[in-house]
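# Topology and contacts: notes
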Amino acid sequence: MAMDKVVTFRPYPFRVGEKIHVEDGPRRGDWEVVGVSEQKVKLRCPISQREFEWDRFCYFVEEQNGVDWPHQN
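Residues numbered from 1 in each chain as written. Predicted model: local features only at pLDDT ≥ 70, side-chain atom pairs only at ≥ 80, totals over all residues. Heavy atoms only, no water.

### Observations regarding the pattern of salt bridges
- Under the definition given, this model contains five salt bridges.
- For the salt bridge of Glu 51 with Arg 44, the shortest nitrogen-to-oxygen distance reads 3.0 Å.
- In this structure Glu 51 comes out as partly exposed when scored by relative accessible area, which is 37%.
- By relative accessible area, Arg 44 is classed as partly exposed at 22%.
- Taken together, the salt bridges that share partners define one network made up of Glu 32, Lys 42, Arg 44 and Glu 51. (Salt bridge = Lys/Arg side-chain N within 4 Å of Asp/Glu carboxyl O. Buried < 20%, exposed > 50% of the residue type's maximum accessible area, 1.4 Å probe, protein only.)

### As for a nonpolar patch on the surface
- A grouping of Val 7, Phe 9, Tyr 59 and Val 61 is seen on the molecular surface, where their side chains present a nonpolar patch of about 430 Å² in accessible area.
- Looking at the nonpolar patch, the elements that each hand over two or more residues are β1 (3-11) and β6 (59-68).
- Along the polypeptide, Phe 9 turns up in strand β1. (Patch = residues over 30% accessible without salt bridge, like charges linked within 9 Å, V, L, I, M, F, W, Y side chains within 5 Å. Areas by Shrake-Rupley, 256 points an atom, 1.4 Å probe, with all protein chains shown as cover. Helix = DSSP H or I, 4+ residues; strand = E, 2+ residues; numbered from the N terminus.)

### Some remarks on the sheet that holds strand β5 (residues 51-55)
- Strands sit in the order β2-β3-β4-β5 across an open sheet of four strands; the sheet is antiparallel. A single partner strand is all that each edge strand has here, and the edge strands are β2 (19-22) and β5. For this sheet, the mean inter-axis angle between neighbouring strands, taken without regard to orientation, is 45 degrees.
- As defined by bridge partners, strand β3 (residues 29-36) adjoins strand β4 (residues 40-44) across four bridges and the pair is classed as antiparallel. Counterpart to Gly 35 in the pairing with β4 is Lys 42. (Pairing = 2+ DSSP bridges. Axes fitted to C-alpha atoms, helices over the stretch in contact; angles between N-to-C directions.)

### Digging into the nonpolar core
- If you look at the biggest cluster of nonpolar residues, it comprises 11 residues: Tyr 12, Phe 14, Ile 20, Val 22, Trp 31, Val 33, Val 41, Leu 43, Cys 45, Trp 54 and Phe 57.
- Leave out the neighbours within four places in its chain, and Phe 57 touches Val 22, Arg 27, Val 41 and Leu 43. (Core = buried A, V, L, I, M, F, W, Y, C linked by side-chain atoms within 4.5 Å. Contact = heavy atoms within 4.5 Å.)

### Description of the pairing of β4
- The alternating pattern of β4 places Val 41 and Leu 43 on a buried face and Lys 40, Lys 42 and Arg 44 on a face that is not buried.
- Counting the residues in the hairpin turn of β3 and β4 gives three residues.
- Where β4 lies against β5, five bridges are found, and the strand directions are antiparallel. What sits directly across from Lys 42, in β5, is Glu 53.
- Linkage of β4 to β5, two consecutive antiparallel strands, is achieved through a turn of six residues, within which Gln 49 is found at a positive phi near 65 degrees.

As structure tokens, this is what we get:
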């Protein structure tokens, strides 16, 4: 089996009360997490205090070397 560099994505485990910064994209900026469900995250803008609920969209990214790929589950 080949050993390759693999990038792994995992959904971010949002927690109510967290202050987050989205680096890029249409939701970029600073937000406070005010609600979390299995499918959605509700964020509040710290400036306007407006709240928005979106499908969960943030991911941790990890890059690893020397990983068996493709994964065998």
